[in-house]
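Understanding the architecture of this molecule
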Amino acid sequence: DAKTTQPNSMESNEEEPVHLPCNHSTISGTDYIHWYRQLPSQGPEYVIHGLTSNVNNRMASLAIAEDRKSSTLILHRATLRDAAVYYCIRISYNTDKLIFGTGTRLQVFP
Amino acid sequence: EPEVTQTPSHQVTQMGQEVILRCVPISNHLYFYWYRQILGQKVEFLVSFYNNEISEKSEIFDDQFSVERPDGSNFTLKIRSTKLEDSAMYFCASNQEGAGFNEKLFFGSGTQLSVL
């Protein structure tokens, strides 16, 4: 049970921002929120993670709701290479494993 | 950026045969993992390995599966007697501190196992 809910698919045009939502309403106070993506025929790739505060890195931004029941992955300018399945994953502090759901398949159009 | 390397990229085997999938994790990493993905399905956790011991395993990881770090660089997954349902893409992963500890996981590009 991935315990997160994401839309099955989203679409974007190249160069536009993309906001990928994730619902994790039963999250506990010690669960981290991680985002991974999987490009076609590739292994999962780390994107970003956070606990309470918003986070930025060279790939994306992560906006975490104040009550932590939801989060949004933001790709500031989508490129064709960003077409992938994006997974929002909760990770408890006391486990090593990632539990993948079905993710959101992002299509990017030129 | 350093990479997790998996060999071979494709492996075909006959049902009932033993197969060993090989991985070279990133050199200074201490935690090692195997995941698998059956075609069209979710990525599934199999096992985590630290300090030469299994730290966590899933229900999928039964007695037919074993893992080993035979030397300082390789990490292997052995399936003793393969079944048709073992056909999947197998991903090796590694990190320094463990996925639950504010740390990212590095995945290899996978080995596609086909059991005939």
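Residues numbered from 1 in each chain as written. Chains lettered and ligands numbered in written order. Predicted model: local features only at pLDDT ≥ 70, side-chain atom pairs only at ≥ 80, totals over all residues. Heavy atoms only, no water.

If you tally the helices and strands in chain B, you get 0 helices and 11 strands. The order of α-helices and β-strands along chain B, N terminus first, is β-β-β-β-β-β-β-β-β-β-β. Since a compact globule built from 116 residues should have a radius of gyration of about 13 Å, the 13 Å found for chain B is in line with a globular shape. By its C-alpha atoms, chain B is 40 × 30 × 30 Å across when sized along the principal axes. For chain B, with 116 residues in total, the buried portion stands at 46%. For chain B, the exposed area adds up to about 5900 Å²; of that, 45% sits on carbon and sulfur atoms. (Helix = DSSP H or I, 4+ residues; strand = E, 2+ residues; numbered from the N terminus. Rg over C-alpha atoms; globule rule 2.2 N^0.38 Å. Buried < 20%, exposed > 50% of the residue type's maximum accessible area, 1.4 Å probe, protein only. Areas by Shrake-Rupley, 256 points an atom, 1.4 Å probe, with all protein chains shown as cover.)

Secondary structure assignment for chain A yields 0 helices and 9 strands. Listed by position from the N terminus, the elements making up chain A come as β-β-β-β-β-β-β-β-β. On C-alpha atoms alone, chain A measures out to a radius of gyration of 13 Å, which is about the 13 Å that the 2.2 N^0.38 rule sets for 110 residues. Viewed in the frame of its principal axes, chain A has a C-alpha envelope of about 40 × 30 × 25 Å.

With that settled, consider the sheet that holds strand E3 (residues 32-38) of chain A. Residue and element names in this part refer to chain A. Taken in spatial order, the 5 strands make up an open sheet running E1-E9-E8-E3-E4, and their pairing is mixed. What marks the edges here is a single partner per strand, and that holds for strand E1 (9-13) and strand E4 (45-50). On average, each strand axis in the sheet is inclined to that of its neighbour by 25 degrees, with strand direction left out of account. Pairing geometry for E3 and E4, over 5 bridges, is antiparallel. Residue pairing in the sheet places Tyr 36 in a bridge with Tyr 46 of E4. (Pairing = 2+ DSSP bridges. Axes fitted to C-alpha atoms, helices over the stretch in contact; angles between N-to-C directions.)

Purely geometric numbers; function is a separate question.
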